Amino acid sequence: MPVTGRLWAGGDGGAGSCPAGDARLELVFVRTARGEAQGAEPPHPRHQGLPGRWNGSGTRGPGPGEPRDVGRRTGGPRRCRPPRAAAPVPLRCTCHSGPGPAPSVALPEARPPSSCFRFRSRLPVPMATGRLGLEETLGALNAALGPGGPVWFKETRARHLRVRDFLAPRRALQARFGDGQVPERVLRAVVDLQGPGVAPVLRCEPTPAGLALRLQRAAVFERVLGAAPAAAAAPAARGPRVLLHCPALRAAPRALRLSQLRAVLVADHLARALRARGVGVRLVPAVRDPHWAAFLQQLRVDWPAAPERAGASAEALRRRALAEVTPAGDPGALPAGALGTVSLKELAGGRGRAAGSDPHLDRCLVTEDLLSVLAELQAAAQLGPEDGSPGLAPAPGAGADSCVVVHVVSPEEESQQQKLDLLWWKLDEQAPLAQKHLVCGPVSAAGAPSTLTAPEYYELRLAQVRTASALKHSRDLAQDPAWTETFRVLSAATIKFEMLSKAPQSQLLLDLADSISTKGTKSGTFVMYNCARLATLFEGYQRGVQQGLYPTFPPVSSLDFSLLREEGEWLLLFNSVLPFQDLLSQTTALDRAHHAPGLRVTARTETVCKFLVQLSMDFSSYYNRVHILGEPRPHLFGQMFARLQLLRAVQEVLHTGLAMLGLPPLSYI
């Protein structure tokens, strides 16, 4: 079947260009059969007559009812005869410089390029550089439709990505254009879409579902995989600093409840996500108990250990509290360390009501411990971020508006924390006006007593990891020092994915009877397992290079990304590598909570875990179906290098996502 391709390029008045100089060339060539224009090889005589799918290298894919390995490792020579010479291609120039029919000018003959162009739109060859972005592309697509709300959305399912990448639903088009008929000028604007960060468009056509758009996938592969590393550091963000306060860390570690453990993990993950976006973050309280430090290290939680210096501010708070407290009639009736009670009615009905606090909070018992908590919060609010970024330090005289305080609490701690907020406002005129509560939902464990503590939960998961490893390797590796660290990382990964895979505000039910396995596609162990598979893949390639089987990796600019034609390859790039830069903005919006109404804030801390699980599922399906390191034959190296570059980007995204959870990548399990 003849195939026509068009390549448009700006004329420069030189050889082979339009005589008008500023017109565009339309290079037209026709292929009479698949592969002839490229000089591809015919199938080997031993394969002729067999059903299946042929590719340009003389190998045969599986036919109906045949296993997938048929034709992949067939014997015999791969080259049957020298490639055919490509036939000359007639060129014509169409100068669109005035009304009426455009004149045609004969141009010199040229030969077609080695790749088959299938442009469905009269677009210039995409020569733009820079990082592509989904937000930029969606914004440009919606702007091309004219004024109104967003219409386009990105496809994610494999069955939809077989035919389109973006869709403007029919109902949305009917609401925008009345009869649903998109004007031709709008279609041309969508097809000719260009701009910084905008992906090049291949075609846009009406379908029963709506307006379907497909990208120039080879160009997208080249722009994404040939650009800078996928997980570049985020620039410093402007706006208020964030003070994350987790009261659960003031409890005894051996008595820590599961709901409090969830609050600790959410706060740690939020701090990492905010810092990845360039937001200045400070964590409170500082951990002083050595048992706490050891337990947090087991969970891969990064929390400061040195307390802030309260200094004179603590004494000022104490003097103000003594002036405000109402002493008890009987001093012996007060608990040890209590100074008296303070009325909160005025603040609860004024500033507290405006913030969304419980209006029934009337009195607060002031103790020495409570004042030390306030002094630590006060000192942390007046300091800059812990990472010391120069662009994030508060400006002189910025006052309370330069910091937003987020208290990450369990349901049992919320009421007491509201009292602490009001007391802070009452005793300190410089207390931050923006104090928000992120209340984590309750946690229950099926098949376990309600008194199960966080350390007991960790030891249970660690024992299950060791048992699963013994079953897999047919021997007990618990005493092997080389495996001790691996078991601890797997236990921490299991707990973090269990605690963080659901929205923090929702109730969480743990099934402790579940065994630890790399086969379960929803667990942290599954993600770590695929991380190890990637490491093994690249180690295998390096061994092949050392043994002389494969050449060293060529420059990325020389790779042919048009060889990436597998469905799973586009799925990995379009659903994982390309949208990763926009993932952080979906994870948390706490840097925009400064002026948000109400006391409570929400955060989508489940986004990273769900993203990594889906990435691992897509990679596992692709890795089980496609042979990456093929036979050491020169004509197969191009596709192997393109695939390795794609998986290198996948590995980088996976490692960066795990780092946001505080988990190191594993090279073996």
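Residues numbered from 1 in each chain as written. Predicted model: local features only at pLDDT ≥ 70, side-chain atom pairs only at ≥ 80, totals over all residues. Heavy atoms only, no water.

(A) Seen up close, the overall build of the protein. When helices and strands are counted, the protein shows 19 helices and 16 strands. Expressed as a percentage of the 669 residues in the protein, the buried residues total 48%. At a minimum sequence separation of 6, the contacts of the protein that also span at least 24 residues come to 74%. Counting only carbon and sulfur atoms, one obtains 54% of the accessible surface of the protein, whose full area is about 32,000 Å². (Helix = DSSP H or I, 4+ residues; strand = E, 2+ residues; numbered from the N terminus. Buried < 20%, exposed > 50% of the residue type's maximum accessible area, 1.4 Å probe, protein only. Contact = heavy atoms within 4.5 Å. Areas by Shrake-Rupley, 256 points an atom, 1.4 Å probe, with all protein chains shown as cover.)

(B) A look at the packing of aromatic side chains. For the structure shown, the criterion picks out 15 aromatic pairs. Measuring from centroid to centroid gives 6.1 Å for Y541 and Y550, while their planes differ by 20°, and the two rings are stacked. Take Y541 and Y550: they sit in the same class, and that class is buried. Taking 6.4 Å as the distance between ring centres and 90° as the angle between the ring planes, the aromatic pair formed by Y541 and F553 counts as edge-to-face. Placement of Y541 in helix 15 (residues 524–546) and of F553 in the loop between helix 15 and helix 16 (567–577) is noted, with a sequence separation of 12 residues between them. Grouped by ring-pair contacts, the aromatic residues Y541, Y550, F553, F637 and F641 constitute a single cluster. The ring of F553 carries R648 above its face, with NZ or CZ at 4.4 Å from the centroid. (Phe/Tyr/Trp six-rings, centres within 6.5 Å; stacked < 30°, edge-to-face > 60°. Lys NZ or Arg CZ within 6 Å of the ring centre and 35° of its normal.)

(C) View of the sheet that holds strand 14 (residues 435–439). Spatially, 10-9-13-14 is the arrangement adopted by the 4 strands of the open sheet, whose pairing is parallel. Among the strands making up the open sheet, the edge pair consists of strand 10 (281–284) and strand 14. Neighbour to neighbour, the strand axes of the sheet diverge by 25° on average, direction disregarded. The pairing of strand 13 (residues 403–409) with strand 14 spans 5 bridges and is classified as parallel. What sits directly across from V405, in strand 14, is Q435. (Pairing = 2+ DSSP bridges. Axes fitted to C-alpha atoms, helices over the stretch in contact; angles between N-to-C directions.)

(D) Here's a closer look at helix 4 (residues 184–191). Where helix 4 is concerned, the buried positions are V186, L187, V190 and V191. The buried residues of helix 4 occupy an angular sector of 135° when the element is viewed end-on, so they sit on one face. (Arc of directions from axis to C-beta.)

(E) Layout of the pattern of salt bridges. Considering all chains together, one arrives at 17 salt bridges under this definition. The shortest N-O distance in the salt bridge between R188 and E184 comes to 3.3 Å. In this pair, R188 and E184 both sit in helix 4, 4 residues apart, roughly one turn of the helix. The salt bridge partner of R272 is D268, with a shortest N-O separation of 3.1 Å. Of this pair, R272 and D268 both sit in helix 6 (residues 258–276), 4 residues apart, roughly one helical turn. Connected through salt bridges with shared partners, the residues R250, R288 and E376 form a single ionic network. (Salt bridge = Lys/Arg side-chain N within 4 Å of Asp/Glu carboxyl O.)

(F) Region of interest: the side chain of Q435. Tracing the sequence through the fold places Q435 in strand 14. One polar contact links Q435 to H407, side chain to side chain, over a distance of 3.0 Å. Leave out the neighbours within four places in its chain, and Q435 touches V405, H407, D421, W424, W425 and L599. (Polar contact = N/O pair within 3.5 Å; in protein donor to acceptor, adjacent residues only side chain to side chain.)

(G) Representation of the nonpolar core in the model. In terms of nonpolar packing, the biggest core is built from 136 residues, with W152, L261, M499 and L647 touching the most fellow members. Per-element tally for this core: the top contributor is helix 19 (residues 634–660), with 13 residues. In contact with L647, not counting residues within four places along its chain, are L534, L537, F538, L572, F619, Y622 and I628. In this structure, A375, L377, A380 and L427 belong to the second largest nonpolar core, which totals 29 residues. (Core = buried A, V, L, I, M, F, W, Y, C linked by side-chain atoms within 4.5 Å.)

(H) Structural view of the packing of helix 18 (residues 606–625) against helix 19. Where helix 18 meets helix 19, the closest approach of the two axes is 10 Å, and the angle between their N-to-C directions is 155°. As far as their axial angle goes, helix 19 and helix 18 are roughly antiparallel. The handedness of the crossing between helix 18 and helix 19 comes out as left-handed. When helix 18 is examined against helix 19, the residues V608, F611, L612, L615, S616, F619 and Y622 are found in contact with a partner set consisting of R643, L647, V650, V653, L654, G657, L658 and M660. Its residues placed into classes, the contact of helix 18 with helix 19 shows 12 nonpolar, 2 polar and 1 charged. (Parallel < 35°, antiparallel > 145°, perpendicular 65-115°, else oblique. Left-handed = near helix turned anticlockwise from the far one by under 90°. Nonpolar A, V, L, I, M, F, W, Y, C, P; charged D, E, K, R; others polar.)

(I) Up close: the confidence of the model for the protein. With 69% of its residues at a pLDDT of at least 70, the protein reaches an overall mean of 76. Across residues 1–129, where pLDDT falls below 50, the model places 199 contacts with residues more than four positions away in sequence or in other chains. (pLDDT = per-residue confidence, 0-100.)

(J) Representation of the sheet that holds strand 5 (residues 153–154). Here 4 strands make up an open sheet; going across it, the order is 5-6-8-7 and the pairing antiparallel. In this open sheet, the two edge strands, each paired with only one partner strand, are strand 5 and strand 7 (201–207). Strand direction decides the pairing type here: strand 5 and strand 6 (residues 166–169), joined by 2 bridges, are antiparallel. Opposite K154, over in strand 6, you have F166 as the bridge partner. Helix 1 (residues 134–144) rests against strand 5, strand 6 and strand 8 (210–215) of the sheet, and its axis sits at about 35° to strand 6. Along the sheet face, helix 4 touches strand 7 and strand 8 and points at about 145° away from the line of strand 7.

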